[in-house]
Amino acid sequence: MNVTEALKQRKSVRAFLNKAVEKNKINAILEAASHAPSGVNTQPWQVAVVTGVKKKTLQEQIETTFRSGDKGKADYPYYPEKWIEPYKSRRKACGLQLYSALGITREDKQRQLDQWAANYRAFDAPVMLLFFMESAMQTGSFMDYGMFLQSVMLSAVEQGLASCPLASLSHYPHIIKAALDYPDDSLLVCGMALGYEDKEAIVNSYRTPRLEVSTFTRYFMD
Ligand SMILES: Cc1cc2nc3c(=O)[nH]c(=O)nc-3n(C[C@H](O)[C@H](O)[C@H](O)COP(=O)(O)O)c2cc1C
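In this report, the structure presented in the accompanying data block is examined. (Residues numbered from 1 in each chain as written. Predicted model: local features only at pLDDT ≥ 70, side-chain atom pairs only at ≥ 80, totals over all residues.)

**As for the overall build of the protein chain**
Phase 1 of the analysis: Counting its secondary structure elements, the protein chain contains 8 helices and 4 strands.
Phase 2 of the analysis: Tracing the protein chain from N to C terminus, the helices and strands come up as α-α-β-α-α-α-β-α-β-α-β-α.
Phase 3 of the analysis: What you see for the protein chain is a C-alpha radius of gyration of 18 Å, in line with the 17 Å of a compact globule of 222 residues.
Phase 4 of the analysis: Viewed in the frame of its principal axes, the protein chain has a C-alpha envelope of about 60 × 40 × 35 Å.
Phase 5 of the analysis: Taking contacts inside the protein chain between residues at least 6 apart in sequence as the whole, the part at least 24 apart equals 85%. (Helix = DSSP H or I, 4+ residues; strand = E, 2+ residues; numbered from the N terminus. Rg over C-alpha atoms; globule rule 2.2 N^0.38 Å. Contact = placed C-beta atoms within 7 Å.)

**Quick notes on the site of the ligand**
Phase 1 of the analysis: By nearness alone, every residue bordering the ligand is listed as K11, S12, R14, C94, N119, C164, P165, L166, A167, S168, C190 and T208.
Phase 2 of the analysis: Broken down by element, the shell around the ligand gets its largest block of residues, 3 residues, from strand β3 (residues 162–166).
Phase 3 of the analysis: Residue composition of the shell around the ligand, by class: 6 nonpolar, 4 polar and 2 charged. (Near = placed C-beta within 6 Å. Nonpolar A, V, L, I, M, F, W, Y, C, P; charged D, E, K, R; others polar.)

**Focus on the nonpolar core**
Phase 1 of the analysis: Judged by nonpolar contacts, the single largest core of 42 residues is most densely connected at A125, M128, L130, F131, V152, A193 and L194.
Phase 2 of the analysis: Elements with a contribution of two residues or more to this core: α2 (23–33), α3 (52–67), β2 (127–134), α6 (139–158), β3 and β4 (186–195).
Phase 3 of the analysis: Setting aside residues no more than four positions away along its own chain, A125 makes contact with F16, A193, L194 and G195. (Core = buried A, V, L, I, M, F, W, Y, C linked by C-beta atoms within 7 Å. Buried ≥ 20, exposed ≤ 12 C-beta atoms within 10 Å, placed from the backbone.)

**Regarding the packing of α3 against helix α7 (residues 173–180)**
For any two helices packed against each other, the geometry comes down to the angle between their axes and how far apart the axes lie.
Phase 1 of the analysis: Relative to each other, α3 and α7 sit at 160°, their axes nearing to 10 Å. Taken together, the axes of α3 and α7 are roughly antiparallel relative to one another. By crossing handedness, the relation of α3 to α7 is classed as right-handed. Residues L58, Q61, I62 and T65 of α3 pack against I175, I176 and A179 of α7.
Phase 2 of the analysis: Here the contact of α3 with α7 is built from residues that sort into 5 nonpolar, 2 polar and no charged. (Axes fitted to C-alpha atoms, helices over the stretch in contact; angles between N-to-C directions. Parallel < 35°, antiparallel > 145°, perpendicular 65-115°, else oblique. Left-handed = near helix turned anticlockwise from the far one by under 90°.)

**Description of α3**
Phase 1 of the analysis: The terminal C-alpha atoms of α3, which comprises 16 residues, lie 22 Å apart, in line with the 22 Å expected from a rise of 1.5 Å per residue.
Phase 2 of the analysis: Those residues of α3 lying buried are L58, Q59 and I62. All buried residues of α3 fall inside an arc of 95° around its axis, so they share one side. When the buried face of α3 is taken as reference, the exposed residues oriented beyond 90 degrees from it are V53, K56, T57, E60 and R67.
Phase 3 of the analysis: Tucked inside the fold, the buried residues of α3 contact β1 (46–50) and α7.
Phase 4 of the analysis: Positioned one or two residues after α3, G69 has a phi angle of 105°, which is positive. (Expected span 1.5 Å × (residues − 1). Arc of directions from axis to C-beta.)

What follows is the structure, given as C-alpha coordinates:
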(Lines give C-alpha, C1' and ligand atoms only; values in the text may rest on other atoms or scores of the structure.)
Protein backbone atom coordinates (compact mmCIF):
# COMPACT_ATOMS: atom_id res chain seq x y z
CA MET A 1 0.00 0.00 0.00
CA ASN A 2 1.42 3.41 -0.92
CA VAL A 3 0.79 6.68 0.91
CA THR A 4 -1.83 7.96 -1.55
CA GLU A 5 -3.77 4.70 -1.27
CA ALA A 6 -3.72 4.92 2.52
CA LEU A 7 -4.78 8.58 2.41
CA LYS A 8 -7.73 7.78 0.17
CA GLN A 9 -8.74 4.61 1.95
CA ARG A 10 -8.89 6.19 5.40
CA LYS A 11 -12.33 7.30 6.40
CA SER A 12 -14.17 7.80 9.66
CA VAL A 13 -15.74 4.50 10.65
CA ARG A 14 -18.61 4.44 13.13
CA ALA A 15 -19.41 0.73 13.46
CA PHE A 16 -16.88 -2.00 14.23
CA LEU A 17 -16.70 -5.77 14.38
CA ASN A 18 -16.77 -7.35 17.81
CA LYS A 19 -13.18 -8.48 17.33
CA ALA A 20 -10.26 -7.60 19.59
CA VAL A 21 -7.31 -5.71 18.14
CA GLU A 22 -3.97 -7.40 18.71
CA LYS A 23 -1.69 -5.45 21.07
CA ASN A 24 1.24 -5.83 18.68
CA LYS A 25 -0.81 -4.08 15.97
CA ILE A 26 -1.61 -1.17 18.29
CA ASN A 27 2.07 -0.92 19.16
CA ALA A 28 3.11 -1.05 15.51
CA ILE A 29 0.68 1.77 14.71
CA LEU A 30 1.94 3.97 17.53
CA GLU A 31 5.56 3.20 16.69
CA ALA A 32 5.02 4.17 13.04
CA ALA A 33 3.13 7.33 14.06
CA SER A 34 5.90 8.31 16.46
CA HIS A 35 7.96 9.16 13.35
CA ALA A 36 5.65 12.14 12.76
CA PRO A 37 7.48 15.48 12.81
CA SER A 38 7.14 17.99 15.65
CA GLY A 39 8.65 21.41 16.25
CA VAL A 40 12.19 21.01 17.66
CA ASN A 41 11.29 17.32 18.02
CA THR A 42 9.14 17.96 21.10
CA GLN A 43 6.97 14.87 20.43
CA PRO A 44 4.21 16.25 22.68
CA TRP A 45 1.87 13.22 22.34
CA GLN A 46 0.90 11.03 25.28
CA VAL A 47 -1.45 8.19 24.41
CA ALA A 48 -3.79 6.07 26.54
CA VAL A 49 -4.94 2.77 25.01
CA VAL A 50 -8.17 1.70 26.68
CA THR A 51 -9.90 -1.65 26.11
CA GLY A 52 -11.97 -4.28 27.94
CA VAL A 53 -13.40 -3.63 31.39
CA LYS A 54 -11.60 -0.31 31.75
CA LYS A 55 -13.18 0.93 28.52
CA LYS A 56 -16.61 -0.32 29.53
CA THR A 57 -16.46 1.38 32.92
CA LEU A 58 -15.14 4.64 31.53
CA GLN A 59 -17.63 4.89 28.67
CA GLU A 60 -20.54 4.08 30.98
CA GLN A 61 -19.47 6.90 33.24
CA ILE A 62 -19.21 9.35 30.33
CA GLU A 63 -22.45 8.27 28.68
CA THR A 64 -24.37 8.48 31.95
CA THR A 65 -23.01 11.98 32.51
CA PHE A 66 -23.96 12.99 28.96
CA ARG A 67 -27.47 11.54 29.27
CA SER A 68 -27.97 13.37 32.56
CA GLY A 69 -27.74 16.61 30.56
CA ASP A 70 -24.18 17.54 31.55
CA LYS A 71 -22.56 18.65 28.30
CA GLY A 72 -19.06 18.71 29.81
CA LYS A 73 -16.33 21.18 29.00
CA ALA A 74 -13.29 20.49 26.88
CA ASP A 75 -9.84 21.72 27.85
CA TYR A 76 -9.76 23.90 24.74
CA PRO A 77 -12.28 25.11 22.12
CA TYR A 78 -12.02 22.85 19.09
CA TYR A 79 -14.76 24.57 17.10
CA PRO A 80 -15.59 28.27 16.68
CA GLU A 81 -18.20 29.69 19.04
CA LYS A 82 -19.89 31.36 16.11
CA TRP A 83 -19.94 29.45 12.83
CA ILE A 84 -19.39 31.38 9.63
CA GLU A 85 -19.77 30.36 6.00
CA PRO A 86 -18.67 28.22 4.25
CA TYR A 87 -17.91 26.11 7.35
CA LYS A 88 -21.43 26.37 8.71
CA SER A 89 -22.84 24.76 5.57
CA ARG A 90 -20.13 22.10 5.45
CA ARG A 91 -20.84 21.19 9.05
CA LYS A 92 -24.56 20.93 8.30
CA ALA A 93 -23.92 18.76 5.23
CA CYS A 94 -21.68 16.50 7.31
CA GLY A 95 -24.42 15.90 9.89
CA LEU A 96 -27.06 15.42 7.20
CA GLN A 97 -24.98 12.77 5.45
CA LEU A 98 -24.68 10.81 8.67
CA TYR A 99 -28.34 11.09 9.63
CA SER A 100 -29.67 10.33 6.17
CA ALA A 101 -27.46 7.23 5.91
CA LEU A 102 -29.00 6.06 9.19
CA GLY A 103 -32.52 7.18 8.24
CA ILE A 104 -32.67 9.56 11.21
CA THR A 105 -35.10 12.41 10.57
CA ARG A 106 -34.86 16.02 11.77
CA GLU A 107 -37.74 15.38 14.16
CA ASP A 108 -36.34 12.21 15.69
CA LYS A 109 -34.48 13.82 18.57
CA GLN A 110 -34.24 10.56 20.52
CA ARG A 111 -32.35 8.73 17.75
CA GLN A 112 -30.15 11.79 17.21
CA LEU A 113 -29.30 11.74 20.89
CA ASP A 114 -28.65 7.99 20.89
CA GLN A 115 -26.41 8.31 17.83
CA TRP A 116 -24.47 11.13 19.50
CA ALA A 117 -24.19 9.10 22.71
CA ALA A 118 -22.46 6.36 20.70
CA ASN A 119 -19.52 8.75 20.34
CA TYR A 120 -18.87 8.32 24.05
CA ARG A 121 -18.54 4.55 23.59
CA ALA A 122 -16.11 5.17 20.71
CA PHE A 123 -18.85 3.63 18.57
CA ASP A 124 -18.35 0.33 20.42
CA ALA A 125 -14.93 -0.14 18.86
CA PRO A 126 -12.79 -2.56 20.89
CA VAL A 127 -10.14 0.14 21.39
CA MET A 128 -10.56 3.69 22.64
CA LEU A 129 -7.48 5.86 22.26
CA LEU A 130 -7.12 9.04 24.26
CA PHE A 131 -4.58 11.68 23.38
CA PHE A 132 -3.11 14.01 25.98
CA MET A 133 -0.43 16.64 26.10
CA GLU A 134 0.98 18.93 28.74
CA SER A 135 -0.91 22.21 29.03
CA ALA A 136 2.41 24.08 29.16
CA MET A 137 2.72 23.35 25.44
CA GLN A 138 1.45 25.87 22.93
CA THR A 139 -0.64 26.12 19.76
CA GLY A 140 2.20 24.70 17.66
CA SER A 141 1.92 21.42 19.52
CA PHE A 142 -1.66 21.06 18.27
CA MET A 143 -0.20 21.17 14.77
CA ASP A 144 2.31 18.48 15.72
CA TYR A 145 -0.52 16.48 17.22
CA GLY A 146 -2.55 16.67 14.03
CA MET A 147 0.32 15.12 12.14
CA PHE A 148 0.65 12.40 14.74
CA LEU A 149 -3.09 11.65 14.68
CA GLN A 150 -3.22 11.36 10.90
CA SER A 151 -0.16 9.12 11.06
CA VAL A 152 -1.97 6.87 13.55
CA MET A 153 -4.99 6.68 11.23
CA LEU A 154 -2.92 5.96 8.10
CA SER A 155 -0.88 3.34 9.87
CA ALA A 156 -4.13 1.77 11.09
CA VAL A 157 -5.27 1.48 7.47
CA GLU A 158 -2.05 -0.33 6.64
CA GLN A 159 -2.74 -2.75 9.51
CA GLY A 160 -6.21 -3.48 8.12
CA LEU A 161 -7.86 -1.42 10.84
CA ALA A 162 -10.30 1.47 10.82
CA SER A 163 -10.62 4.54 13.01
CA CYS A 164 -12.70 7.57 13.87
CA PRO A 165 -11.12 10.60 15.52
CA LEU A 166 -13.33 11.79 18.36
CA ALA A 167 -13.38 15.40 19.50
CA SER A 168 -16.55 14.43 21.36
CA LEU A 169 -14.55 12.48 23.93
CA SER A 170 -12.63 15.61 24.85
CA HIS A 171 -15.83 17.09 26.34
CA TYR A 172 -15.33 15.15 29.57
CA PRO A 173 -11.66 15.64 30.47
CA HIS A 174 -12.19 15.51 34.24
CA ILE A 175 -13.85 12.06 34.10
CA ILE A 176 -11.23 10.67 31.73
CA LYS A 177 -8.21 12.04 33.60
CA ALA A 178 -9.50 10.76 36.92
CA ALA A 179 -10.22 7.29 35.50
CA LEU A 180 -6.86 6.96 33.77
CA ASP A 181 -4.76 8.79 36.33
CA TYR A 182 -3.59 11.66 34.14
CA PRO A 183 -2.85 14.95 35.94
CA ASP A 184 -5.68 17.48 36.19
CA ASP A 185 -3.58 20.07 34.43
CA SER A 186 -2.83 17.85 31.42
CA LEU A 187 -4.71 18.66 28.23
CA LEU A 188 -7.02 16.11 26.63
CA VAL A 189 -6.69 16.72 22.89
CA CYS A 190 -9.20 14.17 21.59
CA GLY A 191 -10.05 10.51 21.47
CA MET A 192 -10.19 7.93 18.71
CA ALA A 193 -12.09 4.72 18.01
CA LEU A 194 -9.95 1.91 16.63
CA GLY A 195 -10.97 -1.52 15.41
CA TYR A 196 -11.98 -3.67 12.47
CA GLU A 197 -14.58 -2.01 10.27
CA ASP A 198 -18.05 -3.51 10.12
CA LYS A 199 -18.35 -3.31 6.34
CA GLU A 200 -22.03 -4.29 6.44
CA ALA A 201 -23.00 -1.35 8.66
CA ILE A 202 -24.97 1.30 6.80
CA VAL A 203 -23.27 4.06 8.81
CA ASN A 204 -19.99 3.13 7.11
CA SER A 205 -21.48 3.12 3.63
CA TYR A 206 -20.89 6.71 2.58
CA ARG A 207 -17.87 8.89 1.87
CA THR A 208 -17.60 12.58 2.64
CA PRO A 209 -16.92 14.90 -0.32
CA ARG A 210 -13.79 17.01 -0.84
CA LEU A 211 -13.20 20.32 -2.56
CA GLU A 212 -11.26 20.51 -5.79
CA VAL A 213 -7.64 21.59 -5.26
CA SER A 214 -8.25 24.67 -7.42
CA THR A 215 -10.87 25.95 -4.94
CA PHE A 216 -8.41 26.23 -2.05
CA THR A 217 -5.11 26.84 -3.85
CA ARG A 218 -3.58 29.85 -5.51
CA TYR A 219 -0.56 29.25 -7.66
CA PHE A 220 2.23 31.81 -7.84
CA MET A 221 4.41 29.96 -10.29
CA ASP A 222 6.37 31.28 -13.21
C1 LIG B 1 -9.96 15.98 15.25
C2 LIG B 1 -11.23 15.37 14.73
C3 LIG B 1 -12.27 15.13 15.59
C4 LIG B 1 -13.43 14.48 15.14
N5 LIG B 1 -14.42 14.21 16.04
C6 LIG B 1 -15.48 13.47 15.65
C7 LIG B 1 -16.46 13.07 16.61
O8 LIG B 1 -16.41 13.43 17.78
N9 LIG B 1 -17.49 12.28 16.17
C10 LIG B 1 -17.58 11.85 14.89
O11 LIG B 1 -18.52 11.11 14.57
N12 LIG B 1 -16.67 12.23 13.95
C13 LIG B 1 -15.63 13.01 14.31
N14 LIG B 1 -14.67 13.38 13.39
C15 LIG B 1 -14.77 12.86 12.01
C16 LIG B 1 -15.16 13.92 10.98
O17 LIG B 1 -16.54 14.13 11.00
C18 LIG B 1 -14.68 13.40 9.61
O19 LIG B 1 -13.27 13.34 9.61
C20 LIG B 1 -15.13 14.27 8.44
O21 LIG B 1 -16.53 14.30 8.33
C22 LIG B 1 -14.52 13.78 7.13
O23 LIG B 1 -14.91 12.44 6.89
P24 LIG B 1 -13.85 11.26 6.76
O25 LIG B 1 -13.04 11.22 8.02
O26 LIG B 1 -14.69 10.00 6.60
O27 LIG B 1 -12.98 11.53 5.58
C28 LIG B 1 -13.55 14.10 13.79
C29 LIG B 1 -12.50 14.39 12.91
C30 LIG B 1 -11.37 15.01 13.37
C31 LIG B 1 -10.24 15.26 12.41
